[in-house]
Amino acid sequence: MTTAASEPSTERVPGRVWAIRLTGHADRTATVTCTTAACRMPPRSKDLAGLRAFAAQHAAAHARVAAVHANAWCHCGFTQCAAHPDTPAHCAGGVALVLQHDPVVGRVWTLQEVCQACTPLIPNGCSSFGGTASPA
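Residue numbers here run from 1 along each chain, matching the order of that chain's written sequence. Where totals are concerned, whole chains, interfaces and linings use all residues; where local detail is concerned, this predicted model gives features only for residues with pLDDT of at least 70, and gives and counts side-chain atom pairs only at 80 or more. Water and hydrogen atoms play no part in the side-chain values, which are based on all heavy atoms of the structure.

Pairs of aromatic rings are described using the distance from one ring centre to the other and the angle between the two planes. Centres within 6.5 Å make a pair out of two Phe, Tyr or Trp rings, where for Trp the six-membered ring is used; the pair is then stacked when the planes are under 30 degrees apart, edge-to-face when over 60, and tilted otherwise. Applying the stated criterion across every chain yields a total of one aromatic pair. Ring geometry for Trp 73 versus Phe 78: centroids 5.8 Å apart, planes at 85°, classification edge-to-face.

As structure tokens, this is what we get:
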């Protein structure tokens with residue numbers, strides 16, 4: 001049997017997003033969840049500071065190991081710029097990983113592949129992580 005060599009797809013795909021969430025419970029405990037099902041999370045705990053630190057470190061770990069897909073399209077644009085609804089933009093430029101975290105609320109860390117035009121418009125967005133993929 002002969003198979004043809006496959007080339008990487010050049011079709012644009014929506015940018016990926018990871019969300020790490022700290023959720024409090026009525027008994028004064030909390031849990032950390034990640035949208036990546038394979039991630040291992042600590043057990044429910046009353047140590048909120050420890051869980052908050054774990055969540056921040058977990059988001060940073062995703063940022064370190066994730067490489068921007070060369071054919072990624074801006075996740076923000078895919079969601080019709082829901083991350084910055086008061087400031088419309090037209091997606092343009094390369095795509096990079098951006099970490100969004102509101103220190104006042106302090107319960108959600110969102111890492112997403114976002115274009116250069118949307119990156120500065122995302123409130124509480126940290127500077128880009130990893131390399132940027134050029135637009136196709």
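Here the narrative resumes, following the displayed structure.
Relative to the helices and strands, Thr 110 resides in strand S6 (residues 108-115). For each residue, the accessible area found with a 1.4 Å probe, counting protein chains only, is set against the maximum for its type, and the residue is called buried under 20%, exposed over 50%, and partly exposed in between. Look at Thr 110 and you get buried, because its relative accessible area is 15%. For Thr 110, the residues in contact, after removing those within four places along its chain, are Val 17, Trp 18, Ala 19, Val 98, Leu 99 and Gln 100. Helix and strand assignments come from DSSP, with helices taken as H or I runs of at least 4 residues and strands as E runs of at least 2, each series counted from the N terminus. Any two residues whose heavy atoms approach within 4.5 Å at even a single point are treated as in contact.

We now examine the state of the cysteines. A pair of sulfur atoms, both from cysteines and within 2.5 Å, is called a disulfide here. Going through the model one piece at a time under the given rule, you end up with zero disulfides. Free of any disulfide, Cys 74 has its nearest cysteine sulfur in Cys 115, 3.7 Å distant.

With that settled, consider the pairing of S6. Of all eight residues in S6, seven are buried, a share of seventy percent or more. One bridge is not enough; two strands pair if DSSP finds at least two bridges between them. As judged from the five bridges shared by strand S2 (residues 17-24) and S6, these two strands associate in the antiparallel manner. Following the sheet pairing, Arg 21 is matched in S6 by Val 108. Relative to S6, strand S5 (residues 95-101) is paired through seven bridges, and the arrangement is antiparallel. Within the sheet, the bridge partner assigned to Leu 97 lies in S6 and is Glu 113. Once S5 ends, the chain turns through six residues before running back antiparallel as S6, passing Gly 106 with a positive phi of about 70°.

Don't take any of this as a statement about function, it's just geometry.
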